[in-house]
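An overview of the molecular structure
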Amino acid sequence: MANDPDFDERLSAPYSISTGISAGGDDEIDGYLESIRVQGFCVIERVIPEDQVDAVRESVHRGRELLMKDRKAERARRLELERSRDPGYEPVGDRPRPPRAPHAELCDIARNETFAEYLAESRVLRVARVALDPHVRIMQTEVNKSAKPEEQPVSKERLRWRSWHSDWPHDLTAYGPSSEELWKHCGAVSQPFPDVCMALSTVWYLGPEDVTPFSGGTWIVPGSHKDPRNPRGPDDGIDQHAPIPGEIQVSAPAGSVFMQDTRCWHSRAINQSEHDRTAVVCRYTPWWLSGNEFGNLHSGGHTLRTYVPQDVYARFSPELKLLYRHLAEGEEDLLQSGNQHAAARARETREKYKGSDNGHVVIGEMSAAEWRENRAAQ
Ligand SMILES: O=C(O)CCC(=O)C(=O)O
Ligand SMILES: [Fe+2]
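Our subject in this report is the structure included herewith. (Residues numbered from 1 in each chain as written. Chains lettered and ligands numbered in written order. Predicted model: local features only at pLDDT ≥ 70, side-chain atom pairs only at ≥ 80, totals over all residues.)

Looking only at helices and strands, the protein chain features ten helices and ten strands. The buried share of the protein chain, reckoned over its 378 residues, is 35%. Sequence-distant contacts in the protein chain: of pairs separated by 6 or more residues, those separated by 24 or more amount to 81%. (Helix = DSSP H or I, 4+ residues; strand = E, 2+ residues; numbered from the N terminus. Buried ≥ 20, exposed ≤ 12 C-beta atoms within 10 Å, placed from the backbone. Contact = placed C-beta atoms within 7 Å.)

Shown next as structure tokens:
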């Protein structure tokens, strides 16, 4: 790698050093939030401690094998269901179409409990809660996001390949609808996207190597979350597969998490190393985003909804339970328990301001930052 004249060693410098985000406490969290607001993304280093990464990666590989068997059995059950309605039924292409509950598919997390607990790691959760809403939940869990090593040698042409997109709910073409099969779309916010961070996509890099531009570090265009165009926009004149000025690649130690506003333009990268870059992708969303796990379709499975079985859910930590309660078998998600306290407080403080003529209220005078400071001082 060091002998490759095209490889810039500076790009593998640790994220926190190259960004100046200090480690520890509120300043670290503020650094990530500012990075998400301005650049559209941040990297939280070593969410999975160095000495745990190998065990977590191996558990994810085992979980994937179990899930492949689950998917096969689910498809057989789906066929059986169709044939109980129409004995002569023959599957065509992706048909039969995905079932509704109670014939939903198993959520990937159900086979990945060792990994699962890290989803509620305190830094990740704090960033998600401030950026989105105190009530966050995970709308999509994909444990199969590896970057396989390329056949060697990798041509210069191949290194210029990109696959630019933004993620659900800002993915304009997922998962391959056509005029014949319009239903194969998981739903997307219409362009131009409102200037709101509606969801955070996370890529969990599980090694074995640190992630660098050489070993499949995700491509990203900083600031693209604010651009009204989109690489998949039908009228935007952008080649999804060509480099874009300003693009950079993520570098991070194994066990780190790349978090991005789902509007951000990003792409998978060519992995020039000899090792498979194991990764998991999850989306954190606020309670108000459509709860149909992944719009209409779940990536890969084409299912309407997935579920977490009762016995698995019972083993989750309290924080993790809050992230998956909406998918848990036999559970009902109680929305906004945090804001219920705020609402009760609002009612109880009404008396405090009674009698004011409100003459001090000048609309537009207070910034959100001042409002936060004001609240903290109360
Ligand atoms: O694998 C990566 O680096 C990015 C994956 C990605 O963009 C996605 O799953 O939507
Ligand atoms: Fe993506």
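This part covers the site of ligand 1. Neighbouring ligand 1 are the residues Lys145, Ala147, Asp167, Val203, Thr218, His266, Arg268, Ala279 and Val281. Split into classes, the residues belonging to the shell around ligand 1 amount to four nonpolar, two polar and three charged. (Near = placed C-beta within 6 Å. Nonpolar A, V, L, I, M, F, W, Y, C, P; charged D, E, K, R; others polar.)

Looking at the element boundaries, Pro243 is found in the loop between strand 5 (219–220) and strand 6 (248–249). With 22 residues separating them along the chain, Pro243 and Val221 place their C-alpha atoms 9.9 Å apart.

This part covers the sheet that holds strand 7 (residues 257–261). An order of 1-7-4-9-3 is seen for the five strands of this open sheet, with the pairing classed as antiparallel. Two strands in the sheet have a free side with no partner beyond their single neighbour: strand 1 (41–44) and strand 3 (136–142). Averaged over neighbouring strand pairs, the angle between their axes works out to 20° when direction is ignored. Judged from the four bridges that link them, strand 1 and strand 7 form a sheet pairing that is antiparallel. Residue pairing for strand 7: Val43 is matched across the bridge by Phe258. (Pairing = 2+ DSSP bridges. Axes fitted to C-alpha atoms, helices over the stretch in contact; angles between N-to-C directions.)

This part takes up the sheet that holds strand 6. Each strand in a sheet pairs with its neighbour through backbone hydrogen bonds, running either in the same direction (parallel) or in the opposite one (antiparallel). Here three strands make up an open sheet; going across it, the order is 6-5-8 and the pairing antiparallel. Each end of this open sheet is capped by a strand with a single partner; those strands are strand 6 and strand 8 (266–267).

Most of strand 4 (residues 200–205) sits out of view: six of its six residues are buried. Neither face of strand 4 is left uncovered, since the one carrying Leu200, Thr202 and Trp204 and the one carrying Ser201, Val203 and Tyr205 both have all their residues buried. Bridge count between strand 4 and strand 7: five bridges; the pairing is antiparallel. When the sheet's bridge partners are listed, Trp204 is paired in strand 7 with Val257. Alignment of strand 4 against strand 9 (residues 279–286), held across six bridges, turns out to be antiparallel. Of the residues in strand 9, the one forming a bridge with Trp204 is Val280.

Below, the discussion takes up the environment of Pro177. Counting through the fold element by element, Pro177 comes out in the loop between helix 6 (156–159) and strand 4. When residues no more than four places from it in sequence are discounted, the contact partners of Pro177 are Leu182, Lys184 and His185.

So, about the packing of helix 2 (residues 25–38) against helix 5 (residues 122–131). At a minimum axis distance of 10 Å, the contact between helix 2 and helix 5 shows a crossing angle of 50°. In terms of orientation, helix 2 and helix 5 fall into the oblique class. Read as a crossing pair, helix 2 and helix 5 show a hand that is right-handed. Residues Glu28, Ile29, Tyr32, Leu33 and Ile36 of helix 2 touch helix 5, and the partners they reach there are Arg123, Arg126, Val127, Val130 and Ala131. For the contact of helix 2 with helix 5, the per-class residue count stands at seven nonpolar, no polar and three charged. (Parallel < 35°, antiparallel > 145°, perpendicular 65-115°, else oblique. Left-handed = near helix turned anticlockwise from the far one by under 90°.)

What follows covers the nonpolar core. Side chains that are nonpolar tend, in soluble globular proteins, to be buried together. Counting residues in hydrophobic clusters, the biggest one holds 65 residues, and the most contacted among them are Leu206, Met259, Val308 and Tyr324. Ignoring any residue separated from it by four or fewer positions in sequence, one finds Val308 in contact with Cys107, Ile109, Ala110, Tyr313, Tyr324, Leu327, Ala328 and Glu329. (Core = buried A, V, L, I, M, F, W, Y, C linked by C-beta atoms within 7 Å.)

With 14 residues, helix 2 extends 21 Å between its outermost C-alpha atoms, agreeing within 8% with the 20 Å of an ideal straight helix rising 1.5 Å per residue. Among the residues trailing helix 2, Gly40 stands out with phi positive, at a value near 100°. (Expected span 1.5 Å × (residues − 1).)

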